[in-house]
Amino acid sequence: GKTKTNVDDIVIDILDKFAGVIVYISAIIIALDTLGINVMPFIAGAGVAGIAIGFAAKDTLSNLIAGVLLLIDRPFEIGDRIEVWSAPSGSATWGDVMDIGIRATKINTTDNIEIIIPNNEIMTRDIVNYTASSSSIRVRVNVGIAYKSDIETAKQAIIEVAESIDYVQKEPAPKVVVRNFGDSSIELQLRVWIHDARKRMDTISDITDEIKGAFDRVGIEIPFPQRDVTLIREEETK
């Protein structure tokens, strides 16, 4: 029978295969011993050969062990969205787990790029799973306003933009905090919870698009770098 998850099925298949191999090897050894054949030289030879093969295929064995640990520990399962550290430069850095193999894990990024990562490489990095415990996630959007702007007016405008997006959660409510006083702006940060972690980038884009119009309506200025230049004119001496 099948279990609740694909990962359970994979673990059971692995254990079944290993158990079968052990049973066959044990049966052969017992049969040879019963026939009066000294099996110790064969066992010793097999041990030496196993050590040699182990050194030659240590990377493969490392991946196999890491694959078993992944299936046992379950830091992610098929369908979870995780961070992809080895994504090509400039492309999406997260994707959905498509397959957890014994040697490698297959991930499909949001750019529809299929990345196959050796299991031992995954096990040596911190695993960022966006959907393991819940599909909800908090998203942070940074916004800068000019020093002459009213902070409370800006905060209210940002919150109204956040509340106008249907997939933003009402509870916990959107919140705006002052993060820093920069060189040319007061740096605010909007923090919102959304129902679907996969909409993280959409949230940042949608809110950023709407904030400019909201600021224009209430007279909040988005700053840009400015420099004061003083010209000193020297009188010519005769």
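Our subject is the structure listed above.
Notes on the structure follow. Please read all numbers here as calculations on a predicted model, not as lab measurements. One numbering rule holds for all chains: residues counted from 1, following each sequence as written. Totals for whole chains, interfaces and linings use all residues, but because this is a predicted model, local features are given only for residues with pLDDT of at least 70 and pairs of side-chain atoms are given and counted only at 80 or more. Each side-chain value is worked out from all heavy atoms of the structure, with water and hydrogens disregarded.

### Here's the deal with the nonpolar core
Here, nonpolar core means buried Ala, Val, Leu, Ile, Met, Phe, Trp, Tyr and Cys residues that are tied together by side-chain atoms lying within 4.5 Å of each other. Relative accessibility under 20% of the residue-type maximum defines a buried residue, over 50% an exposed one, and the middle range a partly exposed one, all with a 1.4 Å probe and only protein chains included. Judged by nonpolar contacts, the single largest core of 28 residues is most densely connected at Ile-158, Leu-190, Val-192, Ile-207 and Phe-215. Of all the secondary-structure elements, those providing two or more residues to this core are strand 5 (137-145), helix 5 (151-163), strand 7 (186-194) and helix 6 (200-218). Note on definitions: a residue-residue contact is assigned when non-hydrogen atoms from the two residues lie within 4.5 Å. Not counting residues up to four positions away in its chain, the partners in contact with Val-192 are Ile-137, Arg-138, Val-139, Ala-162, Val-168, Pro-174, Thr-203 and Ile-207. Counting residues in each nonpolar core, the second largest holds twelve residues, with Leu-71, Phe-76, Ile-107 and Ile-122 among its members. Helix and strand labels come from DSSP, where a helix needs a run of H or I of at least four residues and a strand needs a run of E of at least two; each type is numbered from the N terminus.

### A closer look at a positive patch on the surface
Residues Arg-138, Arg-140, Lys-175 and Arg-179 make up a contiguous surface patch of positive charge. Of all the secondary structure elements, the ones that give two or more residues to the positive patch are strand 5 and strand 6 (175-181). Its location among the elements puts Arg-140 in strand 5. Exposure above 30% relative accessible area and no salt bridge define the residues that can form patches, which grow by joining like charges within 9 Å and nonpolar side chains of Val, Leu, Ile, Met, Phe, Trp and Tyr within 5 Å. Surface accessibility in these figures is a Shrake-Rupley result with a 1.4 Å probe; residues are shielded only by whichever protein chains are displayed. Here, a salt bridge means any side-chain nitrogen of Lys or Arg that lies within 4 Å of a carboxyl oxygen of Asp or Glu. Here the positive residues are Lys and Arg and the negative ones are Asp and Glu; neither His nor the chain ends is included. To locate a charge, the coordinates of NZ of Lys, CZ of Arg, CG of Asp or CD of Glu are taken.

### Focus on the pattern of salt bridges
A full pass over the atoms with the stated rule returns six salt bridges. Close ionic contact of Asp-216 with Lys-212 constitutes a salt bridge, the shortest N to O distance being 2.8 Å. On the criterion of helical spacing, the pair formed by Asp-216 and Lys-212 is a turn pair, its members being four residues apart in helix 6.

### Brief notes about a negative patch on the surface
There is a patch of like negative charges on the surface, built from Asp-202, Asp-206, Asp-209 and Glu-210. Following the sequence through the fold, Glu-210 ends up in helix 6. Using a relative accessible area of 44% as the deciding quantity, one classes Glu-210 as partly exposed.

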